[in-house]
Amino acid sequence: MDTFPIAKREELAAHGAYRTKDLIPEKPGTPYRTHLDPHPRPARHPAKSNAN
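Calculation notes
- Residues numbered from 1 in each chain as written.
- Predicted model: local features only at pLDDT ≥ 70, side-chain atom pairs only at ≥ 80, totals over all residues.
- Heavy atoms only, no water.
- Helix = DSSP H or I, 4+ residues; strand = E, 2+ residues; numbered from the N terminus.
- Buried < 20%, exposed > 50% of the residue type's maximum accessible area, 1.4 Å probe, protein only.
- Areas by Shrake-Rupley, 256 points an atom, 1.4 Å probe, with all protein chains shown as cover.
- Contact = heavy atoms within 4.5 Å.

*Asks:* Give a description of the overall build of the chain that names residues and reports values.
*Replies:* Across its full length, the chain carries two helices and zero strands. A buried classification covers 4% of the 52 residues belonging to the chain. When the accessible surface of the chain is totalled, it reaches about 5500 Å², and 55% of it is carbon and sulfur.

Right, here's the structure in full:
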């Protein structure tokens, strides 16, 4: 996460913590879980299938 030093510096100044890094899962491959409340609506369009 050291790729974004400006974001890190600004978040530390504003919030006292690097919140962006805290939101990223520690284990690679761990699915992201939203912190939004209420949760976002499901997608409007169904997923495309490869079957013709």
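There's plenty left to go through after this.
*Asks:* I'd love a proper account of the side chain of E11, names of residues and values included.
*Replies:* Among the secondary structure elements, E11 is positioned in helix 1 (residues 5-15). The class of E11 is buried, set by a relative accessible area of 15%. When neighbours within four sequence positions are excluded, E11 is seen to be in contact with G16, A17, Y18, R19 and T20.

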